[in-house]
Amino acid sequence: MVSLPPPRTTELFYGGQWNNISGDMRESDPVTITRGVSSEGNRTDPGAATATLNNRHGRYSPRDPLSDLYGEIGRNTGWRFSVRAGGPHLACPAGIYSISTPDGPGLDILGDIDVRLDAALDTWLSPQMLAIRWAPGGHLHWALELGQNGRLYVVWSPTGAPAATRYARATAPVPAYPGQRLVVRATLDVDNGNTGCTTTFFTGPTMDGPWTALGAPVVSAVTTSLFNASAPLYIGDNVVSLTPDGTSGLDRLRGRVYGLRVYNGIDGALVVDADPVTQAAAGATSWTDATGHAWTLSGTAALSNRHTRMVGEVPAWPPSRDLSGADVTTAIAPAGIMRRLGSGNKPLDSALRRFIQRAPGLLECWPLTDGAQATQGASLLGSRPAMPVASGADPEWARGELGDWIEPVAHFPTGSFGTLNMTPPAASSAGWSVDVFRAGRGVNEWIEVQDLGRGTDTDPRNTWLLLMQTEFDHILIFRESQSGDSSSTAFLGTVTAPGIYDERPHHIRISTTVSPGNTAWTLYIDGTPVTGGVEEVTGKGIGRVGLLWDLTNSSDTLSAGYVTCWGPSGPTAAATYQAYMGFPGEPAGGRVLRLAAEQGIPAYLMGPPDEDTPLGIQKPAKLLDAFASIAETDLGYMLEQRDATALVYRSRTTLYNQPPAFVLNFAAGLVSAPFRPIDDDKLTENDITVQRDGGGFSNAVLDSGRMSVLDPPAGVGRYDISRTLSLAADDQTADHAWWRLHLGTYDGLRYTRITVDLGNPRAYALVNAIYRADVGDLIRLTGLPADHGPDDVDLIIRGYTEEISATRWTITFNCAPGQPWAVGIVDDPDYGRADTDGSELAAPADADDTTLMVTATAGPRWTTDPADMPMDIRAGGEVMTVSRITAQIEDTFDRTVTNGWGTATSGHTWTTTGGTAANYSVQGA
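Sequence order as written defines residue numbering, which begins from 1 separately in each chain. Restriction of local features to residues with pLDDT of at least 70 applies here, the model being predicted, together with a cutoff of 80 or more for giving and counting side-chain atom pairs; totals for whole chains, interfaces and linings are based on all residues. For the side-chain quantities, the full set of heavy atoms in the structure was used; hydrogens and water were omitted.

## Observations regarding the overall build of the protein
Quick note on the threshold: Under the DSSP-based scheme used, a helix requires at least four consecutive residues in state H or I and a strand at least two consecutive residues in state E, with every element numbered from the N terminus. Here's how the labels work: a residue is buried when its accessible area is under 20% of the maximum for its type, exposed when over 50%, partly exposed in between, all with a 1.4 Å probe on protein chains only. In what follows, residue pairs with any heavy atoms lying within 4.5 Å of each other are defined as contacts. Surface exposure here means Shrake-Rupley accessible area, sampled with a 1.4 Å probe, where a residue is shielded only by the protein chains that are shown. In this tally Asp and Glu are treated as negative and Lys and Arg as positive; neither His nor the chain ends contributes. Lys charges are placed at NZ, Arg charges at CZ, Asp charges at CG and Glu charges at CD.
Across its full length, the protein carries 9 helices and 56 strands. Counting over 925 residues, the protein shows a buried share of 50%. Within the protein, residue pairs in contact and separated by at least 24 positions form 64% of the contacts whose partners lie at least 6 positions apart. Accessible area of the protein: about 40800 Å², with a carbon and sulfur share of 51%. Computing the positive centroid from 67 side-chain charges and the negative centroid from 102, the protein places the two 7 Å apart.

Written as structure tokens, this is what we have:
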């Protein structure tokens, strides 16, 4: 029987470290943890937990000065909860340790090698030794290392000597966030058949894949071999402290190791199969693996079965006591970081403002986003405000628009003229850039940038001017020089048809770079350089920026804002323009990382960022609403990291074609009550319109079949829905509409909640796999009753609630159909197969038939290539594995038959006419 409650550890973060308070837990009250999306919800909720602490001693009364934790705990104190269950992993913290097995049979691989490590590293970016077979005195066999920037290395020596060491480095980093568990794999083909050797790197979810190539194969023009070393095999020990190219020192592996496999040959004979989860005992200092190797560990390494189930924050410490006052408790409700991030109601500032505030080299910025009653424009960094010149008109504050994704800015009244002067703090460097963001046609505009010169003979002053004239559709560039009593004006050039005199937002930048005796200047429009030159003047810092307008006798409009001064290390014009436009085309994961970084929140990606959905303009929204918009568009999951105070975005692409995280056999009693699958239409959507926010739309309709818009019984009737998504381009809308139609027309039961009772020994046997599973992973149900259909059922985990008490230990998973996420992949050997357009049985078949007669009624014929076998097909709701396909009538006569010809290869029975039976025989065998 499973002991309840399972061993668990509760910790609070104070005094700069995690402190164990498990002794104060009220064991009679359950601990509950909720994560992900609720069963009927549409967006990820902040993680939540409940627990009760005994508080007779008053420790957990943060306002009590007699508490020993007074001043140490309070609102949003860190809380961590973990459970010890199942088989152990290798815990490898910082410090000195050794995990090794001695030299023995099977380790001496001389040719091709295949190494796989299942691990969750504290960081996948810093140099660490992962596994190595080595001994002093010239006995290097091979090593798998993690180098700088997350690149894997394979290192080996044909002779064992350091001078003969060879290596290959992966061309792409490991795509994993801190603490993420995955398998890294490296194969070395010592003779690739083309006078060279090839090293290939992979990642995958399990030791058996499926595998994703990590960059391109690394090919050397020379064949190689491996030295027959007499050496131990180490996990994580940095007995060799440098990567072979000498670029970085190697630490010991830091994190958790779940297994190591080594194959003699690529997918060859398994010679090392270290799987402590199934082979070792928690707390032991040694174990024997499945291939007979004895492993020992020492130092800080340990065999641990501790699983962190939640890291959160305690927002409140409400005291509670019974009527007698003798029993005092504190019921806490720790929550994930998203609760605090969503507590305010202020929308994020515009992407442009946030970009300017965080970019390096900012001297000053005047957003001109002041309220309607303003008389001046406040600066971001506290310099003097932007002031209108008394002889001209004042701007109309808060009435201008650059774009609906940017705060209202200054509008210059129709028929008026005026000037805004802005003075940045003195710049120590002469090189600078000035940005102006504008919208509207305008008539005549000037941008003046005056340097810090005093205008004397010994200290000349230069003023750079841009004159923008709508009537002539050009921009004129001048430089005025003041020196004592004399002045001069130099005409620097003309930009014809600059494309800015319309109602669209545009970005103007003038930039200078100073060298002795010369100043180079460049004019940028919308992030692109359009003209420039070099002037024989000594550049100085910015003294004043002027924004002038003249709309006299005109009905045209003009708005401007975010006048910004940069030093020489400011951002590029292209990057600034992207921010101005709200980062259109930004991938979903990239937007998550940017928004989180702007808020100072650690955030990571799960999935290849280059495959995320390109998003549209970032609109004003609260932070969690912005995250929800990203996830809704990409169909990913915005999550809190389970074992750290950080965010993780799991992209849509990680949901495709997953192996199950674990399998629950219903017939074996692994699914607990309540078990109430629903056959309803809650998820049905067969007429879907997807509109790009601010752009075009596409419509997808299923017009035939059981789930179509046809009236019953031919279909289910019309279920129409419209969604507006943040997409970068109109041509994305069709793909998103048809994919959502695919999800919305899945024909099957809804298994909204699946409960697993870990107090059941049969279920507890799966605890390691169950505890590894997270939001977005796949569960497979097998052994279901006949009325559920003949197939196994795949489910995507959307969230879960775990409850642990002295009498109960359950996890209830909130699920969505998983089968629609099994998709085809072009040119993939497993997922690259297409169905015919129609097939039907050419002859009846029953349950015990092993051969089917099939006719293709439309489209291409079925493949008969033996290389395509085996494959699964579905007929009448039943999945069958096909081992061979032949033509309608085919006979290879590879059998022995007397008195007849027997049954043809294609299943037809031969009949004979004439002569006697003895005249007929087959001697193919």
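## Section: the packing of helix α3 (residues 351–358) against helix α5 (residues 588–598)
Worth spelling out the cut-off: Interaxial angle, 0 to 180 degrees, is taken between N-to-C directions of lines fitted to C-alpha atoms, where a helix line uses only the stretch in contact. Throughout this description, any angle smaller than 35 degrees is read as roughly parallel, any larger than 145 degrees as roughly antiparallel, any in the 65 to 115 degree range as roughly perpendicular, and the remainder as oblique. By definition, turning the near helix anticlockwise from the far helix through less than a right angle yields a left-handed crossing, and turning it clockwise yields a right-handed one. Classification convention: Asp, Glu, Lys, Arg as charged; Ala, Val, Leu, Ile, Met, Phe, Trp, Tyr, Cys, Pro as nonpolar; all other residues, Gly among them, as polar.
Running from N to C, α3 and α5 cross one another at 60 degrees; their axes reach a closest spacing of 11 Å. By the angle between their directions, the pair α3 and α5 is classed as oblique. The chirality of how α3 crosses α5 is left-handed. Taking contact as the criterion, the partners of A351, R354 and R358 in α3 are, on α5, R594, L595, A597 and E598. Class assignment of the residues belonging to the contact of α3 with α5 gives a composition of 3 nonpolar, no polar and 4 charged.

## Considering the packing of α3 against helix α4 (residues 573–580)
Running from N to C, α3 and α4 point in directions that differ by 145 degrees, and their axes come no closer than 7 Å. The segment α3 lies against α4, with A351, L352 and F355 engaging A575, T576, A579 and Y580. The residue makeup of the contact of α3 with α4, split by class, is 6 nonpolar, 1 polar and no charged.

## Quick look at the sheet that holds strand β44 (residues 687–692)
Using the following cut-off: DSSP-based pairing: two strands are paired if at least 2 bridges between them are found.
Judged by pairing direction, the sheet is mixed, and its 3 strands sit side by side in the order β45-β44-β46 without closing on themselves. What marks the edges here is a single partner per strand, and that holds for β45 (697–701) and β46 (720–725). Ignoring strand direction, the axes of neighbouring strands in this sheet form an average angle of 15 degrees. One ladder, built from 5 bridges, connects β44 with β45; its direction is antiparallel. The residue bridging T689 from the neighbouring strand is N699, located in β45.

## Structural notes on unusual backbone geometry
Residue P5 is bonded to the preceding L4 through a cis peptide linkage, with omega at -10 degrees. Its place among the elements puts P5 in the segment before β1 (8–14). Look at the link from A673 to P674: it is a cis peptide, with omega at 0 degrees. Within the element layout of this structure, P674 appears in the loop between β43 (662–665) and β44. In this structure, N553 takes a positive phi of about 55 degrees despite not being glycine. Within the secondary structure layout, N553 lies in the loop between β38 (542–550) and β39 (559–566). With phi around 50 degrees, Y562 is a residue other than glycine that occupies positive phi space. Among the structural elements, Y562 can be located in strand β39.

## Concerning the pattern of salt bridges
Spelled out, the test is: Definition used for salt bridges: Asp or Glu carboxyl oxygen within 4 Å of a side-chain nitrogen of Lys or Arg.
This structure, assessed with the given rule, holds 51 salt bridges. The residue K619 makes a salt bridge to D404 at a minimum N-O spacing of 3.8 Å. Placement of K619 in the loop between β40 (603–606) and α6 (623–634) and of D404 in the loop between β27 (396–400) and β28 (409–411) is noted, with a sequence separation of 215 residues between them. Looking at K619, the relative accessible area reads 26%, which means it is partly exposed. Of the charged contacts in the structure, one is a salt bridge between E803 and R808, with a shortest N-O distance of 3.8 Å. Overall, the relative accessible area of 24% leaves E803 in the partly exposed class. Through salt bridges with shared partners, a single ionic network connects R354, E586, R591, R594 and E598.

## Things to note about the pairing of strand β25 (residues 362–366)
Burial of β25 is extensive: 5 of the 5 residues sit out of reach of the surface. Where β25 and β39 come together, 4 bridges link them in antiparallel fashion. Within the sheet, the bridge partner assigned to C365 lies in β39 and is T564.

## Focus: the sheet that holds strand β41 (residues 637–640)
Across the sheet, which stays open at both edges, the 3 strands sit in the order β40-β42-β41 with mixed pairing between neighbours. One side of each edge strand has no neighbouring strand; the edge strands of this open sheet are β40 and β41. The mean angle between the axes of side-by-side strands here comes to 25 degrees, regardless of whether they run parallel or antiparallel. Direction of pairing for β41 relative to strand β42 (residues 647–650): antiparallel, over a ladder of 4 bridges. Bridge assignment links L639 to a residue of β42, and that residue is V648. Sheet strands touched by α5: β40, β41 and β42. Its angle to β40, the strand with the most contacts, is close to 170 degrees. Against the sheet, α6 touches β41 and β42, its axis set at about 20 degrees to β42.

## Examining the environment of A700
Relative to the helices and strands, A700 is located in strand β45. According to the relative accessible area criterion, A700 is buried, its value standing at 0%. Distance from A700 to D720, taken between C-alpha atoms, is 9.8 Å for residues 20 residues apart in sequence. Beyond its immediate sequence surroundings of up to four residues, A700 is in contact with N686, D687, I688, A737, W738 and L741.

## Topic: α3
Within α3, 6 of the 8 residues are buried, leaving the element largely enclosed by the surrounding structure. Considered for burial, the residues of α3 that qualify are A351, L352, R353, R354, F355 and I356. The elements touched by buried residues of α3 are β25, β30 (432–440), β39, α4 and α5.

## Some points on the packing of aromatic side chains
Condition: Working definition: rings of Phe, Tyr and Trp (its six-membered ring) pair if their centres are within 6.5 Å, and the pair is stacked with planes under 30 degrees apart, edge-to-face with planes over 60 apart, and tilted otherwise. Two thresholds decide whether a charge sits over a ring: the Lys NZ or Arg CZ must be within 6 Å of the ring centre and within 35 degrees of the ring normal.
Across all of its chains, the model carries 25 aromatic pairs by this definition. Ring geometry for W79 and F81: centres 5.8 Å apart, planes at 5 degrees, overall stacked. By the burial criterion, W79 is buried, and F81 matches it. Through pairs of rings, three or more aromatic residues link up here, namely F893, W901, W910 and Y920. Above the plane of the ring of Y97 lies R252, whose end atom (NZ or CZ) is 5.9 Å from the centre.

## So, helix α7 (residues 732–744)
Residues three or four positions apart in an α-helix share a direction because the helix packs 3.6 residues into each turn. Here is the rule we go by: Expected helix span is computed as 1.5 Å times (number of residues minus one).
In this model, α7 (13 residues) spans 18 Å end to end at C-alpha, consistent with the 18 Å of a helix rising 1.5 Å per residue. All buried positions along α7 are accounted for by Q732, T733, H736, A737, W739, R740, L741 and G744. Summarising the contacts, the buried residues of α7 are in contact with α6, β44, β45 and β46.

## What about the side chain of D794?
Going by this rule: We call two N or O atoms a polar contact when they sit within 3.5 Å, provided that within protein one can donate a hydrogen and the other can accept it, with sequence-adjacent residues counted only if both atoms are side-chain atoms.
Mapped onto the elements, D794 comes out in strand β49 (residues 793–804). You can call D794 buried: its relative accessible area is 19%. At a separation of 2.7 Å, a polar atom in the side chain of D794 contacts the side chain of R780. Other than its neighbours up to four places away in sequence, D794 contacts L778, I779, R780, A816, P817, G818 and Q819.

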